[in-house]
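Take a look at the letters that make up each chain.
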Amino acid sequence: MRHRLLACLALPVMLLAATTAHAEFLAPTFESLTIEGVTAPDWIAGPRDGGFIGMCTTCAGGTMLLEVKVNNDDGTGERVRSGDTSAERYTEIGQASAQQMGGESDYFGTKRIDFASAVGFKTRAKTATGDFSATYQLWSDGKQLLIRVYGKDQSMVDNVAEKAYSAAAPQTFR
């Protein structure tokens, strides 16, 4: 009898622990999103169509573009979480895509990232148009946070992408 009582008390605790381990999607509007350095007069930026976009035509390294948005997860999040889609596999896919694009595209690699219990990747590449890119993707709770930055200078692109990720991830997942 005593063991049944302990088992009955333990079950709600285990269920609560299981649900708190999963990130909570916060459904951001990005109305309050501020990204360090992404401000007027250099940047034209703000919420648009449920996301956040920005453009800087006077940046020291040339024109830069920024996009922050939330998509529905197409199943990739569970494949990343389970290990079926690893950073190495993502890099292989990116390199194959870059070769098919032609031009001077290149794929510099993928690194796994985590925020709370959301899982994802940071990728760096050079597009067929010659721009550099940095992309952050986080998946959890059936949603994907996507942050993309494009520009002519990889270090500037990486810097803006890191700041956008640091600002947007806490508004998207808990």
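Residue numbers run consecutively from 1 along every chain, following the written order of its sequence. Given that the model is predicted, a residue must reach a pLDDT of at least 70 before its local features are reported, and side-chain atom pairs must reach 80 or more before they are shown or counted; all residues, however, enter totals for whole chains, interfaces and linings. Based on all heavy atoms of the structure, the side-chain values leave hydrogens and waters out of the count.

(A) Structural detail: the sheet that holds strand E2 (residues 51–56). Any two strands between which DSSP finds at least two bridges are classified as paired. Secondary structure elements follow DSSP: runs of H or I no shorter than four residues count as helices, runs of E no shorter than two count as strands, and numbering proceeds from the N terminus. With antiparallel pairing, the seven strands of this open sheet are ordered in space as E1-E2-E3-E7-E6-E5-E4. Edge strands, defined here as strands with exactly one partner in the open sheet, are strand E1 (43–48) and strand E4 (106–115). Across this sheet, the average inter-strand angle for adjacent strands is 15°, counted without regard to direction. Inspection of the sheet shows E1 paired to E2 by six bridges, in the antiparallel sense. Paired with Gly46 across the two strands is Ile53, which belongs to E2. Should any heavy atoms of two residues lie within 4.5 Å, those residues are considered in contact. Angles shown run from 0 to 180 degrees and are taken between the N-to-C directions of axes, each axis being a line fitted to C-alpha atoms and, for helices, limited to the stretch in contact. Where helix H3 (residues 87–101) meets the sheet, it contacts E4, strand E5 (118–126) and strand E6 (132–140), and its direction lies at approximately 150° from that of E4.

(B) Layout of the environment of Ile93. Looking at the secondary structure, you find Ile93 in helix H3. Along the chain, Ile93 and Tyr107 lie 14 residues apart, while their C-alpha atoms are 9.4 Å from each other.

(C) Representation of the state of the cysteines within the structure. What counts as a disulfide here is a pair of cysteine sulfur atoms lying within 2.5 Å. Overall, the coordinates contain one disulfide when judged by the stated rule. The side chain of Cys56 participates in a disulfide bridge whose partner is Cys59; the two sulfur atoms lie 2.1 Å from each other. Disulfide Cys56-Cys59: the torsion about the S-S bond is 120°, which places it as right-handed. For the pair Cys56 and Cys59, one class covers both residues: buried. For every residue, the accessible area (1.4 Å probe, protein chains only) is compared with the maximum for its type, and the residue is labelled buried under 20%, exposed over 50%, or partly exposed between those bounds.

(D) View of the side chain of Asp131. Looking at the element boundaries, Asp131 is found in the loop between E5 and E6. Polar contacts here mean pairs of N or O atoms no more than 3.5 Å apart (in protein, one a potential hydrogen donor and the other a potential acceptor; neighbouring residues in sequence count only if both atoms are side-chain atoms). In this structure the side chain of Asp131 is engaged in a polar contact, spanning 2.9 Å, whose partner is the side chain of Lys152.

(E) Just the confidence of the model for the protein chain, in detail. Scored from 0 to 100, pLDDT reflects the predictor's confidence in each residue. Mean pLDDT over the protein chain stands at 86; residues scoring 70 or higher make up 86%. Per-residue pLDDT stays below 50 along residues 5–21; that stretch engages in one contact with residues further than four places along the chain or on separate chains.

(F) Spatial organisation of unusual backbone geometry. Geometrically, the link from Ala40 to Pro41 is a cis peptide bond, its omega value of 10° lying close to zero. Tracing the backbone through its elements, the reader meets Pro41 in the loop between helix H1 (2–20) and E1. Even without glycine at this site, Phe30 takes up a positive phi of about 65°. As for its placement among the helices and strands, Phe30 is situated in the loop between H1 and E1. Positive phi is not limited to glycine here, since Asp49 has a value of about 50°. Residue position: Asp49 is located in the loop between E1 and E2. The exposure class of Asp49 is exposed, given its relative accessible area of 77%.

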